[in-house]
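Chains, contacts and geometry: an overview
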Amino acid sequence: MKTTLRSLPYVGTLCLMLGACGSVTTRVEPAIEAPAATPAPSIDPHYQPVIDRDAAYIDSLRAAPAPAEPQVIVGKSELGDRLELSADGYVNIGNGRYPPASDESLEAAIALGKHVGAERVLIYWQDSNAGAETRSLLAAYYVKFRLLFGATFRDLTARERESLGLDGGVRIGGVIGDSPASQANLLPDDLVLSLNGTPIRGRSQFQELLKNNAGKTITLRVLRGTTRIPRVVRLGELPPTAKPD
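On to the overall build of the protein. If you tally the helices and strands in the protein, you get 7 helices and 12 strands. In the protein, buried positions account for 44% of the 245 residues. Of the roughly 12400 Å² that the protein leaves accessible, carbon and sulfur atoms contribute 53%.

Dropping the structure here:
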């Protein structure tokens, strides 16, 4: 992770930083699109799930098993940190809010992060209207999800289709590091024209083809500048509950 997020070696150091710190992304591909699942039961009155699903559902999406202890980090800004983490495939699964901020609430926030299987716990302090003496503690819990593809993509505009002489295709946007798209050396602004020989009409069809080929190796025909090149992509697996019929 970049040095803009400072790891915390122990709780006492973090408590000395109560004057520190305090999340919109450019449409990052949802890690996995899955059908409705059973909401998680309340595990702590301070916990506010962002992904309201049970632990088994979260575990099915993980890139790696939950760690024995989460990494605790002093956050700089909720939005900036979320953007930075999402670029590495991390997803905010929930938040913990503890008024007032104290050694005890900090320890409880970290313990909750361990309980929910967070890989990273970002800590923020938030002042109330009454002033710093009533500030609360916010803990944001992150898990790294495995991705089916790992890049954003969009339909071509009418002007783009006209200027390029294309009837379809999608344009790649952001590419997430260490994802199938990144490992296949796909780059922002690449145009995907076909998947395993099937012409790409647009974003919805491309998304459906990716899901139907989850876990398989596919070949994309890509237009990069004026050169058409093949890209071989080993797609990620869908969790069992999200496999297509």
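Scanning the model with the defined rule gives 6 salt bridges in all. Two residues, Glu 69 and Lys 114, come together in a salt bridge whose shortest N-O distance is 3.1 Å. Of the two residues, Glu 69 sits in the loop between α2 (55-61) and β3 (71-74) while Lys 114 sits in helix α4 (residues 103-115), which places them 45 residues apart along the sequence. With relative accessibility at 45%, the residue Lys 114 sits in the partly exposed group. The residue Arg 224 makes a salt bridge to Asp 190 at a minimum N-O spacing of 2.7 Å. Here Arg 224 is found in strand β11 (residues 217-224), whereas its partner Asp 190 is found in the loop between α6 (180-183) and β9 (191-195), with 34 residues between them in sequence. In this structure, a network of salt bridges that share partners links the residues Arg 154, Glu 160, Arg 171 and Asp 189.

One rule of thumb: low pLDDT means the predicted coordinates there are not for detailed reading. The pLDDT averaged across the protein works out to 81; a share of 77% of its residues lies at or above 70. Taken together, the stretch residues 1-36 has pLDDT below 50 and engages in 89 contacts with residues farther than four places along the chain or on a different chain. Residue range residues 241-245 is modelled with pLDDT below 50. Its contacts to residues more than four positions away, or to other chains, number 11 contacts.

With that out of the way, let us pick up the environment of Lys 216. Within the secondary structure, Lys 216 is located in the loop between α7 (203-212) and β11. With sequence-adjacent residues up to four places away left out, Lys 216 is seen in contact with Val 233, Arg 234 and Leu 235.

Definitions and cut-offs
- The written sequence of each chain sets the order in which its residues are numbered from 1.
- Thresholds applied to this predicted model are a pLDDT of at least 70 for local features of residues and 80 or more for the giving and counting of side-chain atom pairs; totals over whole chains, interfaces and linings are not thresholded and use all residues.
- Side-chain figures throughout are based on the complete set of non-hydrogen atoms in the structure, without hydrogens or water.
- Secondary structure is summarised from DSSP: a helix means a run of H or I of at least four residues, a strand means a run of E of at least two, and numbering begins at the N terminus for each.
- Buried residues are those whose accessible area, probed at 1.4 Å on protein chains only, stays under 20% of the maximum for their type, while exposed residues exceed 50% and partly exposed ones sit between those limits.
- Only the protein chains shown count as cover for residues, with accessible areas throughout obtained via the Shrake-Rupley method and a probe of 1.4 Å.
- Salt bridge, as used here, is a side-chain nitrogen of Lys or Arg placed within 4 Å of a carboxyl oxygen of Asp or Glu.
- Per residue, pLDDT measures the predictor's confidence, with a range of 0 to 100.
- Contacts are assigned to residue pairs that have any heavy atoms within 4.5 Å of one another.

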